[in-house]
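Spelled out, the chains give:
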Amino acid sequence: MVRVLSTLTSLTTDTIMDNLAVKSDSDTLLFYCNGTKIFDPDVDPALTLLTYLRTKLRLTGSKLGCGEGGCGACTVMVSKYSPKDKTISHIAVNACLTPICSVHAMAVTTVEGIGSTTTRLHPVQERLAKAHGSQCGFCTPGIVMSMYTLLRNRPQPTMEEIESTFEGNLCRCTGYRPILQGYKTFTKDGCCGGTNTTCCKNIPNGISVQEEGVLTTLFDASKFTPFDPSQEPIFPPELMINLYEMDSRPRTFVGVRVAWFRPVTLQQLLELKATNPKAKIVAGNSEVGVEVKFKNQHYPVLVDPTHIPELTSVERTPSGVRIGAAVSLTSVSDHLKEIIHKEPEHKTRVFAAIVEMLRWFAGHQIRNVATIGGNIATSSPISDLNPLFMAAVCTIELSSKSGKRTVSMDGNFFTGYRKNVIKTDEIILAINVPFTCENEFFYGYKQSPRREDDIAIVNAGMRVVLTPGTNEVQDCSLSYGGMAPTTVLATKTMKNITGRCWSDGLVEAMTPFLLEDLPLTPGAPGGMEPYRQSLTLSFFFKFYLAVLEQLRLKQPGLISGSAVPPSYKSANQPYHKNSARGVQLYQEVPSGQPDSDAVGRPLTHQSAFKQASGEAIYVDDMPPIKGELYLALVMSRKAHANILSVDTTVALALNGVHAYVNADDVPGNNLLGSSPVYDDVLYADKTVNFVGQVIGVIVADNQAIAQRAAKLVRVEYEELLAVFTIEDAIEQNSFFPVSRCIQTGDLDQGFETSDHIIEGEVRSGAQEHFYLETWTTLVIPGEGGEIEVISANQSPSRTQSLVAEALGIASHKVVSRVKRLGGGFGGKEARACLHAAVCAVAANKVKRPVRLMLDRNEDMMISGTRHPFLARYKVGVTSYGQLRALEVDLYSNAGSTYDCSPSVLERSMQHVDNCYKCPNVKVTGHMCRTNLASNTGFRGFGSPQAMLVAETIMSEIALKCGLTQIKVRDVNFYKGGDETFYGQELKHWNLDKCWDQCLVQSDYDNRRLDVDEYNRKNRWRKRGLAITPTKFGISFIVKYYNQAGALVHIYNDGSVLVSHGGTEMGQGLHTKMIQVASKTLRIPQEKIHINETNTSQVPNTSSTAASFSSDLNGMAIKEACETLLHRLEPFIQDNPKGTWESWVDAAYKDRISLSSTGFGRARDLYFDWEKGKGDPYAYFVYGVAVSEVEIDCLTGDHQVQRTDIVMDVGDSLNPAIDMGQIEGGFIQGYGLFVLEDYRVSPSGQLLTTGPGFYKIPSFGDIPAEFNVSLLTRAPNPLAICSSKAVGEPPLFLAASIFFAIKDAIQSAREDAGIPRAFRLDSPATAERIRMACQDQFTKQISTPEEGTYKPFFLRP
Ligand SMILES: Cc1cc2nc3c(=O)[nH]c(=O)nc-3n(C[C@H](O)[C@H](O)[C@H](O)COP(=O)(O)OP(=O)(O)OC[C@H]3O[C@@H](n4cnc5c(N)ncnc54)[C@H](O)[C@@H]3O)c2cc1C
Ligand code: FES
Ligand code: FES
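Position numbers for residues start from 1 in each chain and track the written sequence from start to end. As a convention, the first chain written is A and the first ligand written is 1, with the rest following in written order. Local features in a predicted model are, by the rule used here, given only for residues with pLDDT of at least 70; side-chain atom pairs are given and counted only at 80 or more, and totals for whole chains, interfaces and linings are based on all residues. Values shown for side chains rest on all heavy atoms present in the structure; no hydrogens or waters enter the calculation.

## With respect to the overall build of the chain
Quick note on the threshold: Per the convention used, a helix needs a DSSP run of H or I reaching at least four residues, while a strand needs a run of E reaching at least two, with both numbered from the N terminus. Throughout, the radius of gyration refers to the C-alpha atoms, and the reference size of a globule is 2.2 Å times the residue count to the power 0.38. The buried label goes to any residue with under 20% of its type's maximum accessible area, the exposed label to any with over 50%, and the partly exposed label to all in between, with areas taken from a 1.4 Å probe on protein chains only. Here, two residues are considered to be in contact whenever any of their heavy atoms come within 4.5 Å of each other. For accessible areas, the Shrake-Rupley method is used with a probe of radius 1.4 Å. Any residue's cover is judged against the shown protein chains and nothing else.
The secondary structure content of the chain amounts to 41 helices and 50 strands. Computed over the C-alpha atoms, the radius of gyration of the chain is 31 Å, within 12% of the 34 Å expected from 2.2 N^0.38 for a compact globule of 1356 residues. Dimensions of the chain, computed from C-alpha atoms along their principal axes, come out at roughly 90 × 80 × 70 Å. Here the chain, with 1356 residues, has 64% of them falling under the buried criterion. Contacts spanning at least 24 positions in sequence make up 78% of the contacts within the chain whose residues lie at least 6 apart. In the structure as shown, the chain presents an accessible area of about 46,700 Å², 51% of it carried by carbon and sulfur atoms.

## Examining the UniProt feature "binding site: [2Fe-2S] cluster 2" (unreviewed entry) in the chain
So the rule is basically this: UniProt positions are given in the numbering used here, feature names are shortened, and annotations may be inferred rather than shown by experiment.
Using the residue numbers shown here, the UniProt feature "binding site: [2Fe-2S] cluster 2" (unreviewed entry) corresponds to Cys-136, Cys-139, Cys-171 and Cys-173. A maximum C-alpha distance of 9.3 Å among these annotated residues, which run over 38 residues, shows that they cluster at one spot. As for its position among the elements, Cys-136 is in the loop between α5 (123-130) and α6 (140-153). Apart from residues lying up to four places away in sequence, Cys-136 is in contact with Cys-173, Gln-611, Tyr-618, Leu-821, Gly-822, Gly-823, Met-1065 and Gly-1066. If we ignore the near neighbours within four places in the chain, the residues touching Cys-139 are Leu-170, Cys-171 and Leu-772.

## Quick notes on the UniProt feature "domain: FAD-binding PCMH-type" (unreviewed entry) in the chain
As annotated in UniProt, the feature "domain: FAD-binding PCMH-type" (unreviewed entry) corresponds to residues 253-438 in the numbering used here. In residues 253-438, the share of helix is 34% and the share of strand is 24%. The end C-alpha atoms are 51 Å apart.

## Brief notes about the site of ligand 1
Note the threshold: Any residue with a heavy atom lying within 4 Å of a molecule or strand is counted as near it. Polar contacts here mean pairs of N or O atoms no more than 3.5 Å apart (in protein, one a potential hydrogen donor and the other a potential acceptor; neighbouring residues in sequence count only if both atoms are side-chain atoms). Here the term charged refers only to Asp, Glu, Lys and Arg, the term nonpolar to Ala, Val, Leu, Ile, Met, Phe, Trp, Tyr, Cys and Pro, and the term polar to all other amino acids, Gly among them.
Neighbouring ligand 1 are 30 residues; Ile-281, Ala-283, Gly-284, Ser-286 and Thr-371 lie closest to it. One nitrogen or oxygen atom from the side chain of Ser-286 is found 2.6 Å from an oxygen atom belonging to ligand 1. Here Asn-375 contributes a side-chain N or O atom positioned 3.0 Å from an oxygen atom of ligand 1. Protein burial of ligand 1: of its 980 Å² of free accessible surface, 91% is covered by the chains. Elements that contribute at least two residues to the shell around ligand 1 include exactly β9 (280-281), α17 (372-378) and β17 (427-434). Residue contributions to the shell around ligand 1 peak at four residues, all from α17. When grouped by side-chain class, the residues that make up the shell around ligand 1 number 14 nonpolar, nine polar and seven charged.

## Description of the side chain of Thr-1203
Mapped onto the elements, Thr-1203 comes out in strand β49 (residues 1198-1207). Separated by 2.8 Å, the side chains of Thr-1203 and Ser-1187 make a polar contact. Ignoring sequence-local partners within four residues, the contact set of Thr-1203 consists of Val-1186, Ser-1187, Phe-1226, Pro-1263, Glu-1265, Phe-1266, Asn-1267 and Ile-1297.

## Structural notes on the sheet that holds strand β37 (residues 869-877)
Spelled out, the test is: If DSSP finds at least two bridges between two strands, the strands pair. Throughout, an axis means a line fitted to C-alpha atoms (over the contacting stretch in the case of helices), and angles, computed between N-to-C directions, take values from 0 to 180 degrees.
The mixed open sheet is built from five strands, whose spatial order is β31-β39-β38-β37-β32. Each edge of the sheet is formed by a strand with only one pairing partner; in this case those strands are β31 (735-744) and β32 (756-764). Strand after strand, the sheet turns through a mean of 10° between neighbouring axes, direction not considered. Strand direction decides the pairing type here: β32 and β37, joined by nine bridges, are antiparallel. The residue bridging Glu-759 from the neighbouring strand is Lys-874, located in β37. Taken strand by strand, helix α31 (residues 943-961) contacts β32, β37 and β38 (883-895), and its axis lies near 140° from that of β32.

## Some thoughts on helix α37 (residues 1140-1149)
Applicable threshold: Each direction from the helix axis to a C-beta atom contributes to the arc, which is the arc of those directions.
Those residues of α37 lying buried are Trp-1140, Trp-1143, Val-1144 and Ala-1147. Projected down its long axis, α37 shows its buried positions confined to an angular sector of 100°, all on one face. For α37, the elements touching its buried residues are β41 (1043-1050), β42 (1056-1060), α35 (1069-1081) and α36 (1109-1134). Following α37 by one or two positions, Arg-1151 adopts a phi angle in the positive range, close to 60°.

## Notes on the pattern of salt bridges
For clarity, the threshold we go by: Definition used for salt bridges: Asp or Glu carboxyl oxygen within 4 Å of a side-chain nitrogen of Lys or Arg.
Inspection of every chain in the model, using the stated rule, returns 76 salt bridges. Between Arg-359 and Glu-356 there is a salt bridge, with the nearest N and O atoms lying 3.6 Å from each other. On the criterion of helical spacing, the pair formed by Arg-359 and Glu-356 is a turn pair, its members being three residues apart in helix α15 (residues 349-359). For Glu-356, a relative accessible area of 35% gives the class partly exposed.

## Here we look at a nonpolar patch on the surface
Applicable threshold: By definition, no residue in a patch forms a salt bridge, and every one has over 30% relative accessible area; like charges are joined within 9 Å, nonpolar side chains (Val, Leu, Ile, Met, Phe, Trp, Tyr) within 5 Å.
Side chains of Ile-88, Met-240 and Ile-241 sit close together on the surface and give an oily, nonpolar patch of about 270 Å² of accessible area. Of note, Met-240 is situated in helix α9 (residues 237-241).

## Considerations on the pairing of β38
With 11 of 13 residues buried, β38 is to be regarded as a mostly interior element. Pairing analysis gives nine bridges linking β37 to β38, with the strands arranged antiparallel. Pairing of Gly-876 across the sheet is with Ala-885, part of β38. Between β37 and β38, which pair antiparallel in sequence order, lie five residues; one of them, Gly-881, sits at a positive phi of approximately 85°. In the sheet, β38 pairs with strand β39 (residues 920-929) via 10 bridges, with the strands oriented parallel.

## Comments concerning the nonpolar core
This is how it is decided: Working definition of a nonpolar core: buried Ala, Val, Leu, Ile, Met, Phe, Trp, Tyr and Cys residues. They are joined through side-chain atoms within 4.5 Å.
By size, the foremost hydrophobic cluster in this structure holds 360 residues, and its most contacted members are Tyr-183, Tyr-480, Trp-502, Phe-540 and Tyr-683. Among the elements that take part in this core, helix α21 (residues 529-554) stands out by supplying 13 residues, more than any other. In this structure, Phe-540 is in contact with Met-462, Leu-478, Tyr-480, Ile-497, Leu-506, Val-507, Met-510 and Leu-514, ignoring residues within four places of it in sequence. Membership of the second largest hydrophobic core comes to 31 residues, among which are Ile-1083, Leu-1124, Leu-1128 and Val-1144.

## Regarding the packing of α31 against helix α32 (residues 965-972)
Note the following rule: Whether a crossing is left-handed or right-handed is set by the direction in which the near helix is turned from the far one by less than a right angle, anticlockwise for left-handed and clockwise for right-handed.
Direction vectors running N to C along α31 and α32 enclose 115°, while the axes themselves pass 9 Å from each other. Crossing handedness for the pair α31 and α32: right-handed. Where α31 approaches α32, its residues Glu-951, Met-954, Ser-955, Ile-957 and Ala-958 are matched on the opposing element by Gln-965, Val-968, Arg-969 and Asn-972. The residue inventory of the contact of α31 with α32, partitioned by class, reads four nonpolar, three polar and two charged.

## Notes on the confidence of the model for the chain
Keep this limit in mind: Each residue carries a pLDDT score, the predictor's confidence in it, ranging from 0 to 100.
For the chain, per-residue confidence averages 94 on the pLDDT scale, and 96% of positions sit at 70 or higher. In the predicted structure, residues 1-5 sits below a pLDDT of 50 and forms 16 contacts with residues beyond four places in sequence or in another chain. pLDDT under 50 marks residues 17-21. Its contacts with residues more than four places away, or in other chains, come to eight contacts.

## Focus: α5
Here α5 lies mainly inside the structure; seven of its eight residues are buried. Among the residues of α5, those classed as buried are Pro-123, Val-124, Gln-125, Glu-126, Arg-127, Leu-128 and Ala-129. Next to the buried residues of α5 lie α6, α8 (177-184) and α22 (608-613). Of the residues flanking the end of α5, it is His-132, one or two places downstream, whose phi is positive at about 70°.

Next up, the structure:
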């Protein structure tokens, strides 16, 4: 092996891969996976651990959610032995970013390795499932493995440690609360789930659980398998015994395109770098891995520095600490904490700032592998550590074969965007971080869109040294990230501050210098220029206050006259969040309900255990079929263009490529879409209408080859004028010819009789579905034109018919199957079916099975989003706030084709009233045509956007009329029996009950006083409180969709197989349907199974959407079961004491059919668009939420303190599932209204691709207290088992957070002496919050006028 290394060091990078002698001398990779020894003499170093696990070892439990370390779905545990200190360490890593060769001589544990449903589930798996913490299950294995790793390191963790361990895991379904609650049982004072009377759940904060028949327990923790840490698998002894041998020699792994070296001495590393300056050092691979996967980089020679002692040690030196460049960030933090603990506080102020910054640096999985050297070498302008290192004046040790040198990390270290003074043959050896002295103060700052696991918008490191015994500045360094192409020093400020006193007037004096030091021209990369500039001032102000406070505490005499006003103190308050807690209240089943009747009980999701153990099969987990090929998309790079030519020559010449498929290969119809208009092309042939549109498909042996070839296809375009935003569409008159209007009463008269007229605009942005499983399809051609499509989509029947149309065959030749989806939310309702047809055309061309799982960035580019909306409103009210007239123009951004946009628009128009009555209304809807991927259905289907308008209007009226937010709503609520503005009678009106209960539950009145009091006492932190109601209509807008079918078989052993038209995407539909069948057949749910959704079993089904699937499919299943029960009745009567099995057996032997179909449809619903009247909804679902937030007026940061929800779900079919839908929907709505900021470039390229740039809520974002009650004693006579739909209605309640933020901002504005009323668009991002607060800092910054410059990004 040494020979190989020396051979390689004598080769140049370009010749390495051609040297066959080297290839033949490649080492054998050895590691353990789940206790099994893996010995691979032919490993391909280009592979990630995840690909290796999933494709080579066929361990598909670990999921691919993003491929960039941002979602945690791929989390596994890596264990290694340290011969030096004879310890075994366990770390959680992202398998998607772990190079396979980096685990040589280590042990990997995946979700399959810790337990299974066939043997024994590990308590980590069991508790997650039983606590209802798994819905679609795609995130679940990653969450299980994060928790498992924590337990391996800390068998009894604290709640804080549990919350922290999930910083790198995302879940789009559950809303996180049940996961945390389930895992709380591992803590010392773990919650038993309410089993004991003393449990925290039974003494909830101010919430009465005295009501008879109301329960707070969704799982029985006393039945959990006890956790015994001593029973964990042992570390493979071979890896301990032979580690010295394995680790003391350099390793070389040579593949077809990539070679991997693991030198073990500095000398070897430097030799390698000297002969191959382009050899890429890969430490944690958290930058390099992303570059290779998403930035088209190829590094043929990779060098792993993690086994070189000089790079992996941490030493305390007389002047500070020396940290080896390959030390992981977790280790850096641990070592620094140790030193902080031992040394006097004043010496370790830089260390404390680094530790605090690392808390907000990525998630654990990244920090466990990412290195300090990797961060410095990357030299990203938004590196979180470099501003600290620069401000602390750290030194960097560099080394090359020709010698060592030490450079200071000063203003000269970074030489350009991601460039520095390190020479190509040099490596970073270590960084020296100095101690501070007593009169030296140091702080770090970071503001990012989301607090946890997010990159900075602006960050800073700030250090000041005061002349001893004075408050005079002796030296100061202020370093900023996110303000230029490199981390920069604010040099003029630093110069001018020297010699000044740290006292009143300092901030004002320094502001002009800071603005001069940190300018941003309009349109600067990153955008948000005024906000970023304001952050530079805010951070400095915070620094000023923090140092002043330190002086006050330590040397009060120095700052006489410059005391921090009490109302300023909270400006610097560190972020602190109590562990999430909450109560869930629901009604127990009536006494006397038979045990066998599962309806109304909190049953565990049917697939939860399989999901928690990694056994649940998603499309891409299916083993490859013989002859299977892989697809890669050739996508448009232009937003609007004519295609001039497509050259596939180079791509087709690549080894392993089988075909290029395009519009010419579509045997049937290339023009498809959602009814009523077919305007979606499968393959673009003449023009492209958005970036990402499919032009063709490469078919190849595997994904890597297909994707490489797709990038080699050359497309020439002739660009055309493109439109992206609603405002541009209005200006360019770019609309679909769909214009809807609903008018009632006499608008003119309404305005004339109004005391006040309020006019305004409000906008809501796009929202990406971000289901964890991207679009995935497997197509298997059969005999005689038959074709089987297995895909992750919500509409198997639509997939069937689109595939049939594309191929020009009858639907009976197509079988469309869906086992489960890793989340859908509307994003797999319409457009995923078209995508399946694209794949089917390819399979048809090559006559072989084909598979395609989109990468996250591809999925986000082509799948469409929730429709952005712009509302222009004019409202007339009386002086006491009553609505007299309402005129609203709703503009939706539909993207490039119709899809379901007309229905979305119609539904939005019918929800613009939310819960309020107005006698004179005119609502007009417009659909903007833009050059974006076609926007599509998303949980709520236009309603949340419209209800936001109603609530915005209410909040404006309250200000105008001087009413409280409660009063203005009280005055305007509909009453039971009223008609909506489009004429539907409001029967069974439960909103008032929800409203009253929520006011009491949330203790609204007292908390309003508290919030006002807090705001009076605090200038830079403000709290806000808001109450938000919702009324959500249930039905499909397209009338004929309101139907469903079922097929129920009873087998002669008594087991029952239910098939229906709905798909399981995490929402628990199959579980609820089993409960309906259990009730109807009067048998325990264990006897009933649902296998999959299959168009050959139940035909012509509607999409699983509109929250209506439980109702419709439930009706169908009920009917089928009733038919069967009716057939069994004679046998039951013949043998009343018999068993279910005996009756079935008797019927079977009597030749009675034990199979039946069932059919369900909603009552006749209609809407007459000519008259603007109708009865379009089967019924309405009601809910109310109260939320409280705290904002940081200086940065725009916020925290949700508490949310209380009361939701009317009728008689819940399954309270655990309904609770999950409410909490999950609410947190998704929180993403919509606050966090998720979708942006495109001015040329239409999606900028917010992947979890790195698009921030969905994470574990740390959930309300610190989250209480949810299901309205009791509210049966719904209009739906199955008196229940109500629940999937979509709760989402809008998250607007309570949006309006609480608005409330908080209003207080800040009042303090600043500006009007409380202002426009707040959704999402209420940190930028919008900060810029709405306005104060002496924002006033210093000029905001360029729109249209006078080219912005960096657009919000469509
Ligand atoms: C999900 C995710 C979240 C992230 N969050 C943050 C964040 O919050 N803040 C932040 O600042 N960054 C963040 N990053 C960026 C990244 O994690 C850091 O920059 C990290 O420190 C890089 O270290 P690494 O060891 O993984 O680097 P690698 O990817 O291994 O290498 C990065 C670069 O450094 C070079 N390099 C590595 N070691 C040396 C050495 N000793 N000498 C010379 N060159 C060397 C490599 O050749 C390469 O060019 C995030 C990345 C991901 C994927
Ligand atoms: S798939 Fe690895 S973190 Fe998302
Ligand atoms: S259950 Fe977490 S993403 Fe679906």
